[in-house]
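Here is what each chain is made of, one letter per residue.
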Amino acid sequence: MNEDRLPPVAPEVTATLVENLSPRLRKRLDAAVTKLGARPTHRDADTVTIDVDDETELRLYAPSGVVATTDAITCGCLLAPACVHRAAAACAAPAAQAPPELADQPSAAAPEPASVTDLASASGPAFVTGPDLAPDPEPAPDSASPPEVASPDQRAAAEALWAAGAAVLEAGVDGAGAVAQSALLRAAHTARLRQLPRAAGAALSVVTLLRAARAGDPSYRTADLVTALAELLGTAHRVRTASGPELAAVRGRARRPYSPDGSLRLYGLFTEPVVTDSGHGGVRTWVAGSDGRLFTVGDVAPGGVGRALGVADRAVRLGDSALTHRELGRAGLAVSGATVSPDGRLGAGKGVKAVTAGGAAWTEPPLAALWETPPSEQATRALRSVSRYADPDGGGSDLLFLDVEILGALRESGGSCLLARCEGGGRVRLTVADDDPALAHRDNMMLLAAAPGTRLRIIGRLVPAPHPRLTLLACSHPSGAGTIDLGLDRLRRADLPDPNAPVHPAPPHGGSGAHSPLYLLERRVEQTVPAGRAALGMLGDVTAETRRIRRAGLPTAAGLLTALCASAARRDRDLFGRLLPADTDGFAVHWLAAARYTAAVAESLCSAAWQPAQQGVR
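Described in the following lines is the structure provided in the data block.

Calculation rules
Per chain, residues are indexed from 1 in the order of the written sequence. With pLDDT at 70 or above as the cut-off, local features in this predicted model cover only qualifying residues; side-chain atom pairs require 80 or more to be listed or tallied, and sums for whole chains, interfaces and linings still use all residues. Only hydrogens and water are set aside; all other atoms, that is, all heavy atoms of the structure, feed into the side-chain values. Between 30 and 60 degrees the pair is tilted, below 30 it is stacked and above 60 it is edge-to-face, where a pair is any two Phe, Tyr or Trp rings, Trp via its six-membered ring, whose centres lie within 6.5 Å. Secondary structure elements are taken from DSSP: a helix is a run of H or I of four residues or more, a strand is a run of E of two residues or more, and numbering for both begins at the N terminus. Only protein chains enter the calculation, and the probe is 1.4 Å; a residue is then buried if its accessible area is under 20% of its type maximum, exposed if over 50%, and partly exposed in between. Multiplying one less than the number of residues by 1.5 Å gives the expected span of a helix. Whether two residues touch is decided by their heavy atoms; if any such pair falls within 4.5 Å, the residues are in contact. We call two strands paired when DSSP finds no fewer than two bridges between them. To define axes, lines are fitted to C-alpha atoms, for helices over the stretch in contact only, and angles between the resulting N-to-C directions are given on a 0 to 180 degree scale.

**Thoughts on the packing of aromatic side chains**
Right, on to step 1. Considering all chains together, one arrives at three aromatic pairs under this definition.
Right, on to step 2. Relative to Trp-286, the ring of Phe-270 lies with its centre 6.3 Å away and its plane at 10°, an arrangement referred to as stacked. Taken together, the residues span a long stretch of sequence, with Phe-270 in strand E5 (residues 259-275) and Trp-286 in strand E6 (residues 280-289) at a distance of 16 residues. Here the two residues Phe-270 and Trp-286 agree in accessibility, since each one is buried.
Right, on to step 3. Aromatic rings pair up to connect Trp-362, Trp-371 and Phe-401 into one cluster.

**Side note on helix H7 (residues 178-193)**
Right, on to step 1. The terminal C-alpha atoms of H7 lie 22 Å apart, and with 16 residues this matches the ideal 22 Å at 1.5 Å per residue to within 8%.
Right, on to step 2. Within H7, burial applies to Ala-178, Gln-181, Ser-182, Leu-184, Leu-185, Ala-187, Ala-188 and Ala-191.
Right, on to step 3. Once H7 ends, the next one or two residues include Gln-195, with phi positive near 65°.

**Things to note about the environment of Gly-359**
Right, on to step 1. Residue placement: Gly-359 occurs in the loop between strand E9 (353-357) and helix H13 (375-386).
Right, on to step 2. A relative accessible area of 40% places Gly-359 in the partly exposed class.
Right, on to step 3. In the structure, Gly-359 is positioned 92 residues away from Tyr-267 in sequence and 5.1 Å away in space, judged by C-alpha atoms.
Right, on to step 4. Beyond its immediate stretch of four places on either side in the chain, Gly-359 contacts Tyr-267, Arg-330, Ala-331 and Gly-332.

**What to know about the environment of Ala-368**
Right, on to step 1. With respect to the helices and strands, Ala-368 occurs in the loop between E9 and H13.
Right, on to step 2. Linking Ala-368 and Phe-401, residues 33 residues apart in sequence, is a C-alpha distance of 9.6 Å.
Right, on to step 3. Apart from the residues within four sequence positions on either side, Ala-368 is in contact with Trp-362, Thr-363 and Arg-457.

**Re the environment of Lys-27**
Right, on to step 1. Mapping Lys-27 onto the fold places it in helix H2 (residues 23-27).
Right, on to step 2. On the accessibility criterion, Lys-27 (76% relative accessible area) is exposed.
Right, on to step 3. Separated by 151 residues in the primary sequence, Lys-27 and Ala-178 place their C-alpha atoms 9.6 Å from one another.

**Re the sheet that holds strand E4 (residues 73-75)**
Right, on to step 1. The strand order E1-E2-E3-E4 describes an open sheet built from four strands, whose pairing is antiparallel. Each edge of the sheet is formed by a strand with only one pairing partner; in this case those strands are strand E1 (41-44) and E4. Across the sheet, the mean angle separating the axes of adjacent strands is 20° when strand polarity is ignored.
Right, on to step 2. One ladder, built from five bridges, connects strand E2 (residues 47-51) with strand E3 (residues 57-61); its direction is antiparallel. Paired with Val-48 across the two strands is Leu-60, which belongs to E3.

**Examining unusual backbone geometry**
With the exception of glycine, most residues fall at negative phi, and the peptide bonds are largely trans.
Right, on to step 1. Of note, the amide linkage connecting Ala-80 to Pro-81 takes the cis form, showing an omega dihedral of 5°.
Right, on to step 2. By the secondary structure assignment, Pro-81 is in the loop between E4 and helix H4 (84-92).
Right, on to step 3. Cis geometry marks the peptide bond from Pro-365 to Pro-366, where omega comes out at 0°.
Right, on to step 4. Turning to its location among the elements, Pro-366 is positioned in the loop between E9 and H13.
Right, on to step 5. Notably, Ala-45 is not glycine yet its phi reads approximately 60°, a positive angle.

Now the structure itself:
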């Protein structure tokens, strides 16, 4: 049984079912989840049935697409409703959350509290400096009234989120089973009730990634769980200390606010499929205004990759337009009464009117201007959007618009990518946006790799890395006629130029020099997540690693590594020599400081890599 076949279950439902189990059944819960995952399922309208055995059925009723109450999960076994099967089914299903096109998603990691910042700077000057690593300024005094602070209920909810996140970090993926996940879900539900949607969303992301890791999902990456845990811990800590405008940003928004933007003349750019870890699928179509501003029109709902492929040919939900998403990516719209969210999403309220209008080629005004901005300036702007510490309501786009020449495939340690030369001589690595074989990304990339010398106008999404790197989303047609949505349209070999044409050879392997020793700290941050604090505590002496980091001019990183490993290994004893419980809170603070610092340095290196002086040597 794949969890994608089960309807999403509300976090409070899963938490309640697990909490109601007896201690004996809680010990059996993880095994029950695994066993249930191997059983067949079938769907009938709003009900999904799982065959627990030859005589027993388990039913999940989701009339609105989500299992919203505990009574909606029923079991036919003799021990029901106090059986382990109901809780196991809830734990095996995706955690319900609002579609990403509608709800705020947390940024990759929240800035840490002052105590964490102080820890990060205690060992000397940092390799990079700036507002992301500096203590937050004190809010301006208000003679009329003191700045708003979190309510006692909000602080209590934040403390519960911190405790649940720290427990996951202590146990690691291997130890964070259904019971630990249930604690996160309960804390997430409470946080949402207390108007803390950003922290609640971070907790749900951690649960989703934990389940993917424990199920062996090939798309799971440890770095993603590092990011989600850092967001959860950082946001929970900030809720307890923030005030005024800072508190509003840390609390987040349950719904994206839309503000009026008058009349807009829009020109289609491309359409990309959207498939999320939470089981949502759909498309996002990018358009540009006559002034160069970027907007999106999305349609994302539960359904996965199958829905993404189907929605591309459905009509856009905007005014009276009859255009499909594919068609809008190459046509235009005239919109009156437009409403826009801070990140550029176009609202589809009753007052919005939209009619089909002519589009523009990528080489014609106003779209051509998007490719005229130097790549370094585009990368700086995009990095602000994808930063782990970006304000969720800050807006901005992570897209880059480049003219490139394909050089060929490039082998890397994690696989291969496409190497291209930008105008001006800089090289950029292009990767697939999604490896799902149902989408066209991978096949199109392979065809392009076999056609070195091809010149293309491309649109890609910035990937923070110490070298220029993008996920490739759309490109001009190799024949010069039209454009290609690389996730939806499929190139043919006949579309490509003569493979015997003379080209500039690509280098036979990746890499452009020595790695920064920052990876010595990064790998310890990541190493904690799979196996927990104990695995890091058994490392022993890390003097050689810290010495190497200091020689590279990274004294702060060296200090963070020393503090992190010492905290992991520290176990105090009482007067009778018995081991006391580990300081999970203290270790979480050290880990958060290290995760925050490595991300900030990585972003600084990424920005430097796109500068013209660096581009010429990569």
